[in-house]
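Given next are the chains, with one letter for each unit.
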Amino acid sequence: MVNSVKHLSLYFILSCALCSCEKDFDIEYRDIQPIPVIEASLSLDGARVSITETTPMDELMNRTRYTDAVVTITDLTSGEVHNLSADSDGYFISPVPGVVGHDYELSVARGLKHYSATSSMLAPAGIADLSFSWIKMPYDQVAALQIIIDCGTSDIEQSFWILIYKNGEFYKQSIVRDTYSTDGTINVTLMTSRRNPDDDDDDDVLLDGDLVTATVAPISASMYDYLEGLLNNSNSSLMFAGDFCLGYFLASPVAERSVTYRPDEF
């Protein structure tokens with residue numbers, strides 16, 4: 001297992017998906033003030049925090065990251081406090097790694113507003129296998145990406161966030177619980193590219209030689225519920241205390257594994 005940090009804006013992904021619709025609708029939008037969005041991760045490689053704001057539906061997406069904030073992460077187990085500083089890309093970062101079994105609090109102060117969230121660093125999972133196989137469907141054969149998660153044995157229900165990248169760019173994602181685990185492993189199958197795609201611009205299309213990378217992060221039950229709401233385009237539970245904002249704080253070790261897409265070899 002390789003520990004790595006992959007960072008992703010869920011709000012950016014979901015906004016792109018919504019904007020992909022080409023049909024025009026005449027909708028009158030309410031004038032709502034932008035809402036802060038805090039997306040923060042702490043892994044075995046350090047921390048990174050993004051602060052953005054929502055964009056009104058009738059305006060171009062605002063991708064600005066705001067750096068006018070004071071951001072700290074407190075190790076509630078050891079009492080250590082770490083100040084994060086903004087890098088050239090607008091992320092607040094810290095090289096201090098998280099420790100499995102420790103509890104953490106993220107604190108963000110911006111102007112007169114204050115936001116905080118807590119997260120526990122869960123035990124790492126592993127990716128035992130990442131491979132493709134063809135599945136025959138009525139319309140074509142589809143390349144199925146199989147991910148075998150090594151989740152170990154635990155009496156506590158475990159949940160995982162799976163992110164898939166194609167040549168370093170976001171491709172797919174999924175969340176899964178260990179309800180169906182067998183002998184400490186979970187078998188996850190994601191449908192990807194058709195053997196004979198009708199449209200080469202289809203987002204699902206993979207080409208011979210594409211590098212497909214999977215990351216798996218253990219997540220809490222509350223984080224699972226939060227992601228489930230977002231992925232279903234419904235209201236998610238609030239992850240932050242203090243003033244109102246959207247977003248999440250996830251302390252989690254990340255497992256990573258890659259495979260090259262070779263359609264003639266499976």
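Because the structure is predicted, anything quoted here is derived from the model rather than measured.

Let's talk about the sheet that holds strand β10 (residues 141-150)
Spatially, the three strands line up as an open sheet ordered β9-β10-β13, and their pairing is antiparallel. A strand with exactly one partner marks an edge of an open sheet, and here the two such strands are β9 (126-136) and β13 (185-194). For this sheet, the mean inter-axis angle between neighbouring strands, taken without regard to orientation, is 20°. Bridge count between β9 and β10: 10 bridges; the pairing is antiparallel. By the bridge assignment for β10, G126 is matched with D150.

A few points about helix α2 (residues 221-231)
What α2 keeps buried is the set M223, Y224, Y226, L227, G229 and L230. At the C-terminal side of α2, N233 shows a positive phi close to 55°.

Considerations on the sheet that holds strand β2 (residues 36-43)
Pairing within the open sheet is mixed, and its nine strands lie in the order β15-β8-β7-β4-β5-β6-β3-β2-β16. The sheet is open, and its two edges are formed by β15 (241-242) and β16 (246-251), each paired on a single side. Strand direction decides the pairing type here: strand β3 (residues 46-53) and strand β6 (residues 92-94), joined by three bridges, are antiparallel. Residue R48 lies in a different strand from β6, and its bridge partner there is I93.

Observations regarding the confidence of the model for the protein
This prediction gives the protein a mean pLDDT of 87; 85% of its residues lie at or above 70. Across residues 1-5 the pLDDT falls below 50, and counting only partners more than four positions away or on other chains, this stretch makes 18 contacts in the model.

Description of the environment of A47
Mapped onto the elements, A47 comes out in strand β3. Residues A47 and G98 lie 51 residues apart in sequence; the distance between their C-alpha atoms is 8.0 Å. Excluding its chain neighbours within four sequence positions, the residues that come into contact with A47 are S41, L42, I73, L84, F92, I93, S94 and V96.

The rules behind these values
Residues numbered from 1 in each chain as written. Predicted model: local features only at pLDDT ≥ 70, side-chain atom pairs only at ≥ 80, totals over all residues. Heavy atoms only, no water. Pairing = 2+ DSSP bridges. Helix = DSSP H or I, 4+ residues; strand = E, 2+ residues; numbered from the N terminus. Axes fitted to C-alpha atoms, helices over the stretch in contact; angles between N-to-C directions. Buried < 20%, exposed > 50% of the residue type's maximum accessible area, 1.4 Å probe, protein only. pLDDT = per-residue confidence, 0-100. Contact = heavy atoms within 4.5 Å.

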